[in-house]
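What follows is the residue order along each chain.
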Amino acid sequence: MVTSIRSTNHVTTEETPLLQHAATHTKHDQVYKRFSSNWKRLILVMVSFCGILPLFISGTFIPCIPQISRDMDTTGSVVSLAVSASISGGSIGALTSSTYSTFYGRRPIYLTFLPLLVAGSFGVATTQSVPQLMAWRVLQAFGASPGLSVGAAGMGNLIAAPLAGRISDVIVVRYKAKRGGVWYPEDRLRGTLVGALIIVPVSIIGSGLVTTYVDNKKAGLALNLVCLFMNGFGIDVVLSPCAAYIVDVMHARSAEIMAANK
């Protein structure tokens, strides 16, 4: 009698859910179950800090260009070439680090690239010529590049990125409910329309009009800052859902996807 009841309980019918609650978790889920909530928060803080490093390195160098040009007895435009060189180094490094992190894991990549970042930073601080500056900037950006892809969580404008992510999530849930539970990753791209069609182009046109026709320097500067803020906001509204979309469709290679996106 007991045997017959057990066999009856395991009969699969048309109403049986495809995903059972007692089913074993996927390998992806098991990764997150290894750590407690506090450890997850600590890991998130460390990874987020790594994501800030590339922005800090690039953001602190640009204001120093006039002083560096005077110290090296050259022009600001020549020193600015180091910015372009560092962007190239960061791009190559992001693609390299993301590719190897897919196979070897995130931690070994961080530990490998960190000494390069430290060496590049010391080199930039002690450089004596423009060629040396460019070479060390490339190495510095190369070492900081994992933050652009591996730590992309995935950085972002403090106002626009969370808001854009929230909007895309709401859109996905809404359209999923309309289809009776069917989920399309492409629904996230609907959240980019307002930023791509309105906020970004309007802010660029507004900045051009202000620069051309507003004679008052203080008013022009203030209005330009507003336009630049709106432009950054609109760009994040476009890029954040796009990044979430490409991670959704190729989650197993998310680091490489984020590197290509950056």
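Note that the structure is a prediction, hence the values are computed from the model and not measured.

Criteria and thresholds
Residues numbered from 1 in each chain as written. Predicted model: local features only at pLDDT ≥ 70, side-chain atom pairs only at ≥ 80, totals over all residues. Heavy atoms only, no water. Helix = DSSP H or I, 4+ residues; strand = E, 2+ residues; numbered from the N terminus. Buried < 20%, exposed > 50% of the residue type's maximum accessible area, 1.4 Å probe, protein only. Areas by Shrake-Rupley, 256 points an atom, 1.4 Å probe, with all protein chains shown as cover. Patch = residues over 30% accessible without salt bridge, like charges linked within 9 Å, V, L, I, M, F, W, Y side chains within 5 Å. Salt bridge = Lys/Arg side-chain N within 4 Å of Asp/Glu carboxyl O. Core = buried A, V, L, I, M, F, W, Y, C linked by side-chain atoms within 4.5 Å. Contact = heavy atoms within 4.5 Å. Polar contact = N/O pair within 3.5 Å; in protein donor to acceptor, adjacent residues only side chain to side chain. Expected span 1.5 Å × (residues − 1). UniProt positions renumbered as here; feature names shortened; annotations may be inferred. Bend = angle between axes of the 7 residues up to and from the residue. Phe/Tyr/Trp six-rings, centres within 6.5 Å; stacked < 30°, edge-to-face > 60°. Lys NZ or Arg CZ within 6 Å of the ring centre and 35° of its normal. Axes fitted to C-alpha atoms, helices over the stretch in contact; angles between N-to-C directions. Parallel < 35°, antiparallel > 145°, perpendicular 65-115°, else oblique. Nonpolar A, V, L, I, M, F, W, Y, C, P; charged D, E, K, R; others polar.

(A) Region of the structure containing the overall build of the protein chain. Looking only at helices and strands, one finds 12 helices and 0 strands in the protein chain. When the 262 residues of the protein chain are sorted by exposure, 30% land in the buried category. Carbon and sulfur atoms form 67% of the exposed surface of the protein chain, whose accessible area is close to 17300 Å².

(B) Representation of a nonpolar patch on the surface in the model. Taken together, the side chains of L193, V194, L197, I198 and V202 define a hydrophobic patch exposed on the protein surface, amounting to about 490 Å² of accessible area. Within the fold, I198 resides in helix α10 (residues 193-213).

(C) Up close: the nonpolar core. By size, the foremost hydrophobic cluster in this structure holds 9 residues: F61, I65, I68, M72, V79, A82, V124, V130 and L133. Among all residues touching L133, those that are not within four sequence positions of it are F61, I68, M72, V79, A82, V124 and T127.

(D) Highlighting the side chain of T192. Relative to the helices and strands, T192 is located in the loop between α9 (160-178) and α10. What makes T192 buried here is its relative accessible area of 9%. A distance of 2.6 Å separates a polar side-chain atom of T192 from the backbone oxygen of L189. With near-sequence residues (within four places) excluded, T192 lies in contact with V237, V238, P241 and C242.

(E) Just helix α11 (residues 217-249), in detail. The terminal C-alpha atoms of α11 lie 48 Å apart, and with 33 residues this matches the ideal 48 Å at 1.5 Å per residue to within 8%. Between the side-chain oxygen at the start of α11 and the backbone nitrogen of K218 there is a gap of 3.0 Å, and the oxygen is on N216.

(F) How the structure looks around the environment of P146. Relative to the assigned elements, P146 resides in helix α8 (residues 146-149). Distance in space between the C-alpha atoms of P146 and S98 is 7.0 Å, their sequence separation being 48 residues.

(G) Seen up close, the UniProt feature "transmembrane region" (unreviewed entry) in the protein chain. UniProt's entry tags residues 42-62, 74-97, 109-130, 150-172, 193-214 and 220-247 with the feature "transmembrane region" (unreviewed entry), counted in the numbering of this structure. Counted over residues 193-214, helix gives 95% and strand 0%. Its end C-alpha atoms are 30 Å apart. Helix and strand shares over residues 220-247 are 100% and 0% respectively, and the end C-alpha atoms of the span are 40 Å apart.

(H) Highlighting the pattern of salt bridges. A complete count under the given rule lists 2 salt bridges for this structure. Here D187 ties to R179 by a salt bridge, and the two come within 2.7 Å at their closest N and O atoms. With a relative accessible area of 2%, D187 lands in the buried category. Accessibility expressed as a relative area gives 27% for R179, which makes it partly exposed. Where salt bridges share partners, they join R179, D187 and R190 into one cluster.

(I) How the structure looks around α10. Between the first and last C-alpha of α10 there are 29 Å, a value that for 21 residues agrees with the 30 Å anticipated at 1.5 Å per step. In α10, a bend of some 25° at I199 exceeds every other bend along the element, and P201, a proline, comes one to four places later. Along α10, the residues classified as buried are G195, I199, V200, S203, G206, S207 and V210. Looking at the buried positions of α10, the neighbouring elements they touch are α11.

(J) Inspection of the packing of aromatic side chains at higher detail. Enumeration according to the criterion identifies 2 aromatic pairs in this entry. Centroid distance Y100 to Y104: 6.1 Å. Interplanar angle 20°. Geometry classified as stacked. Here Y104 and Y100 lie together in helix α5 (residues 76-104), a separation of 4 residues that amounts to about one turn. Take Y100: its relative accessible area is 46%, and that puts it in the partly exposed class. The ring centre of Y175 lies 5.0 Å from the NZ or CZ of K178, which sits over that ring. The ring of Y175 has R190 lying over it, and the distance from NZ or CZ to the ring centre is 4.1 Å.

(K) Examining the packing of α5 against helix α6 (residues 106-126) more closely. Packing of α5 against α6 leaves a shortest axis separation of 7 Å and a crossing angle of 140°. By the angle between their axes, α5 is oblique relative to α6. Mapping the contact onto sequence places G93, S97, Y100, S101, T102 and Y104 in α5 and R106, P108, I109 and F113 in α6. Split into classes, the residues belonging to the contact of α5 with α6 amount to 5 nonpolar, 4 polar and 1 charged.

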